[in-house]
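# Observations on chain architecture
Next come the chains, spelled out residue by residue.
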Amino acid sequence: MTALARYYSIVDDDKAFAATARRPQPLFVWTNTLRTTSRQLVDVLTPDGYELTPLDWHPQAYRVSCQNGNGRLGNHWAYLAGWFHIQEASSMIPALLLDPQPGERVLDLCAAPGNKTALMAQALGNRGTVVANDVFWERIRPLRSAIDRLGLLNVSVTCHDGTAYPHTAGEFDCVLVDVPCSCEGTSRRFPGLLKRPPTRRISKRFRKQQLLLEAAIRRCRVGGRVLYSTCTYAPEENEAVVDAVLGEMSGTVRIQPVSLPGLKSAPGLTAWAGQSFQGDLRHTIRIWPHLNDTGGFYIALLEKIGGDSHKMSDPPEIAHMDFQTASGSTQQRLDDAARMFDILGERFGIDPSVFSDLQLLNKSRRDIYAVAADHRPPQMAKCISGLPLFHMHLQYPKLTTSCAAVFGRKAVRNLIDASPGQLQAYLARKSFTLKKDQALACDGSGYVLVRYHNAVLGVGFYDQNQDVVASLFPRSRAAM
Ligand SMILES: C[S@@+](CC[C@H](N)C(=O)[O-])C[C@H]1O[C@@H](n2cnc3c(N)ncnc32)[C@H](O)[C@@H]1O
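What counts, and where the lines are drawn
- Residues numbered from 1 in each chain as written.
- Predicted model: local features only at pLDDT ≥ 70, side-chain atom pairs only at ≥ 80, totals over all residues.
- Heavy atoms only, no water.
- Near = heavy atom within 4 Å.
- Polar contact = N/O pair within 3.5 Å; in protein donor to acceptor, adjacent residues only side chain to side chain.
- Areas by Shrake-Rupley, 256 points an atom, 1.4 Å probe, with all protein chains shown as cover.
- Helix = DSSP H or I, 4+ residues; strand = E, 2+ residues; numbered from the N terminus.
- Nonpolar A, V, L, I, M, F, W, Y, C, P; charged D, E, K, R; others polar.
- Pairing = 2+ DSSP bridges.
- Axes fitted to C-alpha atoms, helices over the stretch in contact; angles between N-to-C directions.
- Contact = heavy atoms within 4.5 Å.
- Phe/Tyr/Trp six-rings, centres within 6.5 Å; stacked < 30°, edge-to-face > 60°.
- Buried < 20%, exposed > 50% of the residue type's maximum accessible area, 1.4 Å probe, protein only.
- Lys NZ or Arg CZ within 6 Å of the ring centre and 35° of its normal.
- Parallel < 35°, antiparallel > 145°, perpendicular 65-115°, else oblique.
- Left-handed = near helix turned anticlockwise from the far one by under 90°.

### Describing the site of the ligand
- The immediate surroundings of the ligand are formed by 21 residues, with Lys116, Asp134, Arg139, Gly162 and Asp178 found nearest.
- Within the backbone of Ala112, one N or O atom sits 3.1 Å away from an oxygen atom of the ligand.
- Asp161 is positioned such that a nitrogen or oxygen atom in its side chain is 2.8 Å from a nitrogen atom of the ligand.
- Calculation on the ligand without its partners gives an accessible area of 600 Å², and the protein chains cover 91% of this total.
- Contributing elements (two or more residues each) for the shell around the ligand: helix H5 (115–123), strand E6 (129–134) and helix H8 (206–219).
- The class makeup of the residues in the shell around the ligand is ten nonpolar, five polar and six charged.

### Re the sheet that holds strand E3 (residues 58–66)
- The strand order across the open sheet built from four strands is E2-E3-E1-E4, with neighbouring strands paired in antiparallel fashion. Among the strands making up the open sheet, the edge pair consists of strand E2 (50–55) and strand E4 (84–86). When strand polarity is set aside, the average angle formed by the axes of neighbouring strands in this sheet is 35 degrees.
- Sheet topology places E2 next to E3; six bridges connect them, and they run antiparallel. Bridge pairing in E3 places Glu51 opposite Ser65.
- Relative to the sheet, helix H4 (residues 89–98) contacts strand E1 (27–31), E2 and E3, its axis offset from that of E1 by approximately 35 degrees.
- The strands touched by H5 are E1, E3 and E4; relative to E1, the strand with the most contacts, the crossing angle is about 30 degrees.

### Details of the packing of aromatic side chains
- The tally for this structure, following the rule as stated, stands at 14 aromatic pairs.
- With centroids separated by 5.3 Å and ring planes inclined at 85 degrees, the aromatic side chains of Phe17 and Tyr233 adopt a geometry described as edge-to-face. With Phe17 in helix H1 (residues 14–22) and Tyr233 in the loop between strand E9 (220–230) and helix H9 (239–248), this pair connects stretches of sequence that are 216 residues apart.
- For Phe17, a relative accessible area of 0% corresponds to the buried category.
- For Tyr233, a relative accessible area of 2% puts it in the buried group.
- An aromatic cluster of three or more residues is present, and its members are Tyr7, Tyr8, Phe17, Tyr233, Trp272 and Trp288.
- Here the basic side chain of Arg105 rests over the ring of Phe172, its NZ or CZ set 4.4 Å away from the ring centre.
- One cation-aromatic arrangement involves Arg149 over Tyr79; the distance from NZ or CZ to the ring centre is 3.7 Å.

### Quick notes on unusual backbone geometry
- The linkage connecting Ala112 with the following residue, Pro113, adopts the cis geometry, with an omega of 5 degrees.
- Tracing the chain through its elements places Pro113 in the loop between strand E5 (105–108) and H5.
- A positive phi is found at Ala273, a non-glycine position, where the angle reads about 50 degrees.
- Here Ala273 is to be found in the loop between strand E12 (271–272) and strand E13 (275–276).
- For Ala273, a relative accessible area of 71% gives the class exposed.
- The phi angle at Asn454 is positive, at roughly 70 degrees, despite the residue not being glycine.
- Along the chain, Asn454 falls in the loop between strand E24 (446–452) and strand E25 (455–463).

### Side note on the packing of H4 against H5
- Following both chains from N to C, one finds H4 and H5 inclined at 40 degrees, their axes separated by 9 Å at the closest point. Between H4 and H5, the crossing angle belongs to the class labelled oblique. As for how H4 packs across H5, the hand of that crossing is right-handed. On H5, the residues that touch Ser91, Met92, Pro94, Ala95, Leu96 and Leu98 of H4 are Lys116, Leu119 and Met120.
- When its residues are assigned to classes, the contact of H4 with H5 shows seven nonpolar, one polar and one charged.

Structure representation (structure tokens):
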């Protein structure tokens, strides 16, 4: 039996399913509405040869096709400026169905590389709390980069085994548990997956998936929502896991029907391979690739209706300027931070009131971080909250690219409106010469902000003697 034939008996149209699952996948993006509007995004990408078609079920998300093979979308300046995020369309659905509301505290238990975290944090308007956890630090790096690039001030990142996620993280109103799985639904991106025999692909992860879902339920408050998802078709990793947990935690959770206007889906199974599942599993959904021309997904939304929620008091609020006091140099760091705010005020004319709605943290002793004023991070070791504003460990404290991109929009001077050529040089970390009018607009040597199409991309250093700006765009993001 071929890998896909295993599912012909449970799919509505086996030919369309098999054909779509073997076709390369379209590219999808969503607009970062914290930075721009969908209209502006379409206006900047269209002249560069990209055609954007809105998704029926998410007006800020688009299918993108490239007319002239115009390079990688991830190298486009609008991507580097955090105007949009690239994410497979079916993978957006869990975050949209969980639909966290302002004021709700959200946990993403298996979060890396952070696509769903980013979508939820953005939907919350950069306020409140999203805690993104993953068991592997190395997978957290891309998650952190996405947070920085998109300018998210409401995310804390933790690294912990999700099956034993600690109580000290506090209670959550919504928990997303997007478990590791055999990933059959990603065959359009990774066709090699279909070449392996089904029995090897269908993981023996059932127990781990069950433990992760149970841990998610424990961390959720009574009355809250837990969303279980996979990107696989295998009922062993989908309905069977949810069915087992409903049995184990009877009276604690119940299935909530879900739908997204404009999205086509199929009901979850109530039987497979001689095993029957609870009838309510028909309210979970299967996204077959041919239904919306996407990847494949499985989604179950649960409401917590009882049981032990391990209630604990809310984590304490972070004090404004919560600098660690263990080191003798606390005063020095406070002075350095104050100097950085002076630079932002004097050099760029940024009104200090833009920082009044933030909490500032210096947990790492290297960088000063900012989080939304109402952000409530978990009280856990290995927790990184918010965005780095200033690197303090260098000989001269440095303004970060994230800080420039988020707050540079309020700058009124020492802003360079780059030409296309200057932009290209800046993003490739090369120095570029200023035109006369650009040089006249700078107050002597010092930091400048580099802007293109109203997007501040980052920081440069202007040397007045040479009329040259050295690019300080981070190596990790540079367009090579
Ligand atoms: C399907 S991926 C998550 C994708 C992510 N939600 C997104 O949208 O970008 C599953 C993740 O679970 C993580 N994982 C595996 N075992 C885990 C555990 N015991 N606790 C927490 N995370 C785990 C993996 O490292 C992997 O990043």
